[in-house]
2 protein chains.
Amino acid sequence: MKFRAAKGTRDFYPDAMRLRTWLTDAWRRVSLRNGFEEYDGPIFEHLELYTTKSGDEIASQLFDLEDRGGRRLAIRPEMTPTLGRMVNARAQSLPRPIKWFSVPRLCRAERPQKGRLREFFQWNIDIVGVDDVLADAESILVAVDFLREVGLGPEDAVVRINSRRLVAAVLADLRVPPDRMDKAYALLDKAGKIPRDALQAMWKEAFGDAVPFDAIEPLLGVEGLDHLHEAIRGAKGGWAAAERELPAIEALFEKLDSFGITEYCNFDMAIVRGLAYYTGVVYEVFDRGQAHRAIGGGGRYDNLLRDLGGPAMPGVGFGVGDVVITDVLTEAGKLPVLKGELDVYVIAADAELQPRALELVAQLRRGGWSTDFSYRAQSVGKLLRAASDRGARRAVIVGQETRDENLVTIKDLTTGQQTRRDWAAFVAAPLAAGDEGDEQARRSL
Amino acid sequence: MKFRAAKGTRDFYPDAMRLRTWLTDAWRRVSLRNGFEEYDGPIFEHLELYTTKSGDEIASQLFDLEDRGGRRLAIRPEMTPTLGRMVNARAQSLPRPIKWFSVPRLCRAERPQKGRLREFFQWNIDIVGVDDVLADAESILVAVDFLREVGLGPEDAVVRINSRRLVAAVLADLRVPPDRMDKAYALLDKAGKIPRDALQAMWKEAFGDAVPFDAIEPLLGVEGLDHLHEAIRGAKGGWAAAERELPAIEALFEKLDSFGITEYCNFDMAIVRGLAYYTGVVYEVFDRGQAHRAIGGGGRYDNLLRDLGGPAMPGVGFGVGDVVITDVLTEAGKLPVLKGELDVYVIAADAELQPRALELVAQLRRGGWSTDFSYRAQSVGKLLRAASDRGARRAVIVGQETRDENLVTIKDLTTGQQTRRDWAAFVAAPLAAGDEGDEQARRSL
């Protein structure tokens, strides 16, 4: 009877946990400085919250369960439905705009593979109550602010931006029926993920010869605003509806320019996103080398809150998972090396002095200093090595001089310098250098 | 179609989330300064991990599910089995002692009531690989260090301490068969939670007249080491096995004395804990007024790792949930009032200046300053009020003087003082007071 972690999940031993905390701290820092407030919801929701509007792909990946009362529940596979539910519940009283972020743990019952696990963490930011394109632009700014924060420059990563209104206009021009748009989006989202001939076969199965794949395929290659203009001109009026969407796209890129982030951004008609609820601007962040799946993505969802039973309220937001970004940063050599840290390691020179050493440990910890000690009585030499192995800044020895004069012997483990100080003075400022006074700002952990 | 949160779960709107973060940050700070490293595992595990050793009560409260491969899983109802599994998987390579902490989200399908929800957060600390009573004492020190950290003094909270070895000895002396000990612990754990006559009836049902409840009941009233000595003397040799456990209890209290925390600690024979895997010292933390359920509890589990398929390895640890401690702190008026914070609110004096204002927003955020702005063009007066409502330290106006001289107008929203500064100088140190230079340590968020 030996137990293992469930398939597609991860154990976070301290080394891995330090990296996860480094990443989630970066997400929180960036969110807060961009004016977002943190929220969270439960790990599971009523099943229907997801089967209603997220689309078939998500619905097929749910971990569902029942509570004792027979209610059908599911572990959250994404955060936006919870956000919608929470905003709807207080739609009358929440001050607008609502700028919220979250770092939920999510689960999807899909086949574990590179960049995809059954359990992962996802940074979400959302702006609700604003239909101005400025909110779309700001959400992209936040994504770019994060890329910069973790050291990814415009040569490393790109935000590929499109608009579902534009895609819908082109598809309408190409005679895709309005009630088949969701299907078309779901298929177009697979471009770049599956071979082109497989996509062609799926398209044919869904749309027959009424909308030939050959008419659709060129869309996927339109990159950059210049190319888009060219494509519209080339269609000679055939893309009339699409042309009417151009000013909105151009306005978005103007805002991105004001924010100083156009070097990270590119128009790209191949981006449509898999989730069903997007209605406007959509985007995905990729490594420039395109060696990985999308680092993150998002867009505008102006009908979701109404569809979940609330008032009509526009929204825009994105998510960035922890798996792909970690792969990208690892490959780019940009993950930090993080070690355990300790301020003080306390050593009793002999077993009789252990009670005094424990007293010192408790006093230092209470003062906010990270402090450790050995459970085993060992020689001072061995314990100094243990202190070093533990990454301690100072070792302090409680010895005969403590018994006689209430002094402690301090060894600075970076410089090797050894000094003696009064017990109380040491407790007040254990990291103070040598014998230079005892004043030192209390370090906040 | 209006969705609600699942029964027994909570939504964390920003106000509630700030409090949750305040509490979990305190847990992390206290853990780190006591020399513990953070770890985490998956939200669900193989079902058998819990049905094996946690005991019937936990097993009856599992949220179980199946993955696509038909594997039986359960959302974690407690953290210790995951800890055991993870330690076992690397038992040969992990440096000892293992001092780990975690702040998992846990779920139990029980009836929601005061102090109990179906989803909650629980601080866990564990020391694995040490059988010295010093580890038991240190785990209690960490609990007390937390109580102090959140402002609960020895007049507010108490750690009630017992030993299952002592209880087992007394029960053996009273002729409870060895294979019924778990049942006896589970029943004794209900004392204080259910009426005495209900407990008596359950005891009679389990043990008949072989072990009369009247012989057991006095145990539950033994409080304090003096009282324990008295009880042993009073039994006139009938508690011989119990007497042999006394030195271990006394050694524990000596260590607690060295740590300077005996004012928080009391021996209490009524504490046995509900979980099946405890083998030695057990303890629970309560508010002194006993108006609430236990704030937390823990103990020694020397067989758990072996029972989960690993090597024999002793362990000790505790858990503190977020629900009861929040109730206790609320009642004691010790929860902080936390508001959203913002460094700078950027205002465009007219619509034409919006691009410059957005440029300033992006530059400030990139510099690490929390910055916000309005999506709507409004009068400067209205926007200054919005800045104030948002809790901003500074409002900065991009106006004619920006166009003409690249200056910005800064309003200190605490003092009301208004100054003008050069754009670049302001971006470098937006919180610098008035016109006193621009040097200022970059604030870490």
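Residues numbered from 1 in each chain as written. Chains lettered and ligands numbered in written order. Predicted model: local features only at pLDDT ≥ 70, side-chain atom pairs only at ≥ 80, totals over all residues. Heavy atoms only, no water.

*Asks:* Help me understand the sheet that holds strand E15 (residues 392–398) of chain A, please; the structure alone is not making it clear to me.
*Replies:* In sheet architecture, strand pairing relies on hydrogen bonds along the backbone and comes in two forms, parallel and antiparallel. All names here are of chain A. Strands sit in the order E14-E13-E15-E16-E17 across an open sheet of 5 strands; the sheet is mixed. A single partner strand is all that each edge strand has here, and the edge strands are strand E14 (371–373) and strand E17 (418–422). Sheet twist, expressed as the mean angle between neighbouring strand axes with direction ignored, is 30°. By the bridge criterion, 6 bridges tie strand E13 (residues 342–348) to E15 in an arrangement that is parallel. By the bridge assignment, Ile347 is partnered in E15 with Ile397. Across the sheet, helix H15 (residues 380–389) touches E13, E15 and strand E16 (407–412), and the angle it forms with E13 is around 165°. (Pairing = 2+ DSSP bridges. Helix = DSSP H or I, 4+ residues; strand = E, 2+ residues; numbered from the N terminus. Axes fitted to C-alpha atoms, helices over the stretch in contact; angles between N-to-C directions. Contact = heavy atoms within 4.5 Å.)

*Asks:* How should the state of the cysteines be read in this particular structure?
*Replies:* In a disulfide, the sulfur atoms of two cysteines are held together by a covalent bond. Inspection of every chain in the model, using the stated rule, returns 0 disulfides over all chains. Of the cysteine sulfurs around Cys107 of chain A, a residue in no disulfide, the closest is that of Cys107 of chain B, at 11 Å. When its relative accessible area of 0% is taken as the criterion, Cys107 of chain A is described as buried. (Disulfide = S-S within 2.5 Å. Buried < 20%, exposed > 50% of the residue type's maximum accessible area, 1.4 Å probe, protein only.)

*Asks:* Would you mind going over helix H7 (residues 181–188) of chain B with me for this structure?
*Replies:* Along an α-helix, a turn takes 3.6 residues, which lines up residues three or four apart on a common side. Every buried residue of H7 of chain B is listed here: Met181, Ala184, Tyr185, Leu187 and Leu188 of chain B. Viewed end-on, H7 of chain B has its buried residues packed into an arc of 165°, placing them on one side of the element. (Arc of directions from axis to C-beta.)

*Asks:* Could you clarify how one ought to interpret the pairing of strand E4 (residues 72–75) of chain B in this entry?
*Replies:* Residue and element names in this part refer to chain B. Relative to E4, strand E2 (residues 44–46) runs antiparallel, the two being bridged by 3 bridges. By the bridge assignment for E4, Glu45 is matched with Ala74. Judged from the 3 bridges that link them, strand E3 (residues 64–66) and E4 form a sheet pairing that is antiparallel. From the neighbouring strand, Leu65 faces E4, where its bridge partner is Leu73. Hairpin geometry of E3 and E4 is characterised by an intervening segment of 5 residues between the two adjacent antiparallel strands and by a positive phi of about 80° at Gly70.

*Asks:* Even after reading the chapter, I still don't get the packing of aromatic side chains, so can you show me in this structure?
*Replies:* Between two aromatic rings, the relevant description is the distance of the centres plus the angle of the planes. Scanning the model with the defined rule gives 29 aromatic pairs over all chains in all. Ring centres of Tyr39 of chain B and Trp100 of chain B lie 5.1 Å apart, and the angle between their planes is 35°; on these two criteria the pair is classed as tilted. Of this pair, Tyr39 of chain B sits in the loop between strand E1 (37–38) and E2 while Trp100 of chain B sits in strand E5 (residues 98–102), and the two are 61 residues apart along the sequence. Neither residue differs from the other here; Tyr39 of chain B and Trp100 of chain B are each classed as buried. Joined through ring pairs, the aromatic side chains of Trp27, Trp123, Phe146, Tyr283 and Phe318 of chain A make up one cluster. Positioned above the aromatic ring of Tyr13 of chain A, the side-chain terminus of Arg90 of chain B is 3.7 Å from the ring centre. One cation-aromatic arrangement involves Arg356 of chain B over Trp423 of chain B; the distance from NZ or CZ to the ring centre is 4.5 Å. (Phe/Tyr/Trp six-rings, centres within 6.5 Å; stacked < 30°, edge-to-face > 60°. Lys NZ or Arg CZ within 6 Å of the ring centre and 35° of its normal.)

*Asks:* What's the story with the interface of chain A and chain B in this structure? I'm lost.
*Replies:* Much of the literature gives interface size as the accessible area that the parts lose upon coming together. Listed as interface residues are 97 residues of chain A and, on the opposing side, 98 residues of chain B. Between chain A and chain B lies a buried interface of about 8,000 Å² when both sides are counted; carbon and sulfur atoms form 58% of it. Three residues stand out in chain A for area buried against chain B, namely Phe3, Tyr13 and Tyr375 of chain A, and they jointly supply 11% of the buried area on that side. Between the two partners, chain A and chain B, sit 14 salt bridges. Between Asp11 of chain B and Arg85 of chain A there is a salt bridge whose closest N-O contact spans 2.7 Å. Our count for the chain A to chain B interface comes out at 38 residue pairs in polar contact (both at pLDDT 80 or more). (Buried area = accessible area lost by both parts, 1.4 Å probe. Salt bridge = Lys/Arg side-chain N within 4 Å of Asp/Glu carboxyl O. Polar contact = N/O pair within 3.5 Å; in protein donor to acceptor, adjacent residues only side chain to side chain.)

*Asks:* Please clarify how the pairing of strand E7 (residues 119–128) of chain A should be interpreted in this entry.
*Replies:* Both faces of the sheet carry side chains from a regular strand, because those side chains alternate between them. Residue and element names in this part refer to chain A. Here E7 lies mainly inside the structure; 10 of its 10 residues are buried. Because side chains alternate across E7, one face comprises the buried residues Glu119, Phe121, Trp123, Ile125 and Ile127, and the other comprises Phe120, Gln122, Asn124, Asp126 and Val128, equally buried. Of the pairings in the sheet, the one linking strand E5 (residues 98–102) to E7 comprises 5 bridges and is antiparallel in character. Among the inter-strand pairings, Phe101 is bridged to a residue of E7, identified as Ile125. Sheet topology places E7 next to strand E12 (residues 315–321); 7 bridges connect them, and they run antiparallel. Residue pairing for E12: Trp123 is matched across the bridge by Val320.

*Asks:* Just checking my understanding: could you explain the domain arrangement of chain A for this structure?
*Replies:* We note that the domain assignment places domain 1 (14–331) and domain 2 (342–428) within chain A. The C-alpha centroid of domain 2 of chain A is placed 54 Å from the C-alpha centroid of domain 1 of chain A. (Domains from an automatic or database assignment.)

*Asks:* Any chance you could explain the packing of helix H6 (residues 164–173) of chain A against helix H7 (residues 181–188) of chain A here in plain terms?
*Replies:* Between two packed helices, both the angle of their axes relative to each other and the distance between the axes serve to describe the pair. Residue and element names in this part refer to chain A. Two numbers describe how H6 lies on H7: the axes approach to 11 Å, and their chain directions differ by 110°. In this view, H6 runs roughly perpendicular relative to H7, as classed from their interaxial angle. The handedness of the crossing between H6 and H7 is right-handed. Contact residues: Arg164, Val167, Ala168, Leu171 and Ala172 in H6; Met181, Ala184, Tyr185 and Leu188 in H7. For the contact of H6 with H7, the class distribution of residues is 8 nonpolar, no polar and 1 charged. (Parallel < 35°, antiparallel > 145°, perpendicular 65-115°, else oblique. Left-handed = near helix turned anticlockwise from the far one by under 90°. Nonpolar A, V, L, I, M, F, W, Y, C, P; charged D, E, K, R; others polar.)

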